[in-house]
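Architecture and fold: a report
Read off the chains here:
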Amino acid sequence: MERPHCVVCGRQPLGPFYKDWAGRVACSSHPREEVHACHCCSRICGSSGGHTIGHGLWVCDVCLQQRMTQQQAMGVVNYIQNGYRKAGLGDVKGWSLKVSDLETLVRESGDVNVKGFAKNFGGIYTVYILRDLPKLFFASVLAHELLHIWQYRQGLSPEQALCEGFCNLGSWYVLRHIGGMEAEMLMRQLAANPDPIYGDGFRHVLGYYEEGGWPAAVQVIKDSSKKHSKIWQTLF
């Protein structure tokens, strides 16, 4: 089997090399400033085959070619809303979407690594999502953020790990229905995340989902919300 070519120099690596989940490689001899990980999909990209979006972050040529338009974004919104209706969660209402550049997201969130977030303005949410995300990654981020809004609309305030785990279940659910190699890669990342909030929380909620579907997953965050509320009542 022929070795793939380095994304930086275009030659087949003769010595050690880096390899990503998609099979792209880069010679390990290249300086670090010449080899980048795509901020959107984590593919390896070189300075000549990628584009900087600021704050030292890069987007690969694949993601650049699949960059979302506003019309495509609305198609993803409809796809996710339809999926949540089928799941029994209903429509997520009272929000608007802003597909924004990284600088806007950093200014509004204070986080340079952010890909999307939901911000509450007097009960009306705005979901900000990075404009450089290709369709699949855009859908994963939006599915997560919409379940934050869903919890708010339901008056639920579970512990943070279950809150984020439930939102990650939304990403996992949408990715599973989309399917494909990239979707499976993202699902594996969700399942393997070592973070005690986003990883442990997701695995905990997923366990309930696998036992009893969405009703079981919803019930676990409802139970946590009640318990959380009682704790606050005893403190004040």
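Reading the values: the criteria
Position labels on residues start from 1 in each chain and follow its written sequence. Side-chain atom pairs in this predicted model are given and counted only at pLDDT of 80 or more, local residue features only at pLDDT of at least 70, and totals for whole chains, interfaces and linings cover all residues. The side-chain values count all of the structure's non-hydrogen atoms but skip hydrogen atoms and water molecules. The criterion is simple. A nonpolar core is a set of buried Ala, Val, Leu, Ile, Met, Phe, Trp, Tyr and Cys residues joined through side-chain atoms within 4.5 Å. Accessibility here uses a 1.4 Å probe with only protein chains present; expressed as a share of the type maximum, an area under 20% marks a residue as buried, one over 50% as exposed, and anything in between as partly exposed. Secondary structure elements follow DSSP: runs of H or I no shorter than four residues count as helices, runs of E no shorter than two count as strands, and numbering proceeds from the N terminus. Contacts are residue-level and defined by heavy atoms, with any inter-residue pair within 4.5 Å sufficient. To estimate the expected span of a helix, count its residues, drop one, and scale the result by 1.5 Å. The term salt bridge refers to a pairing of a side-chain nitrogen on Lys or Arg with a carboxyl oxygen on Asp or Glu at a separation within 4 Å. Cavity means a closed set of points on a 1 Å grid over the protein atoms alone, one where a 1.4 Å probe fits but cannot get out, pocket means an open set with protein on both sides within 12 Å along at least 5 of 7 lines, and lining means a residue has an atom within 4 Å of a point. Grid points are joined across faces, edges and corners, and a volume is the space filled by probe spheres set on the points.

Time to look at the nonpolar core. Core analysis: the largest hydrophobic core is formed by 67 residues, its most contacted members being W95, L142 and W214. Residue contributions to this core peak at 11 residues, all from helix α4 (residues 135-153). With residues near it in sequence (within four places) discarded, L142 still touches V76, V77, I80, W95, V127 and I129. With five residues, the next largest nonpolar core counts C6, A26, V35 and I44 among its residues.

With 12 residues, helix α6 (residues 181-192) extends 16 Å from end C-alpha to end C-alpha; this agrees with the ideal 16 Å at 1.5 Å per step. All buried positions along α6 are accounted for by E182, A183, M185, L186, M187 and L190.

Before going further, it helps to examine the pattern of salt bridges. Within the structure shown, the criterion is met by six salt bridges. Its salt-bridge partner being R85, residue D91 comes within 2.4 Å of it at the nearest N-O pair.

Turning our attention to unusual backbone geometry. Phi at S42 is positive, roughly 75°, even though this residue is not glycine. Within the secondary structure layout, S42 lies in the loop between β3 (35-37) and β4 (44-46). We classify S42 as partly exposed; its relative accessible area is 37%. Positive phi, close to 60°, is recorded for H55, a residue that is not glycine. By the secondary structure assignment, H55 is in the loop between β5 (50-54) and β6 (57-60). For H55, a relative accessible area of 43% puts it in the partly exposed group.

It is worth spelling out the layout of surface pockets at this point. Reported here for the largest pocket is a volume of approximately 970 Å³. Surrounding the largest pocket, 30 residues form its lining, K115, V141, N168, L190 and Y198 being those nearest its centre. If you list the elements that add at least two residues to the lining of the largest pocket, you get β8 (116-121), α4, α5 (160-178) and α6. The greatest single-element share of the lining of the largest pocket, amounting to six residues, is contributed by α4.

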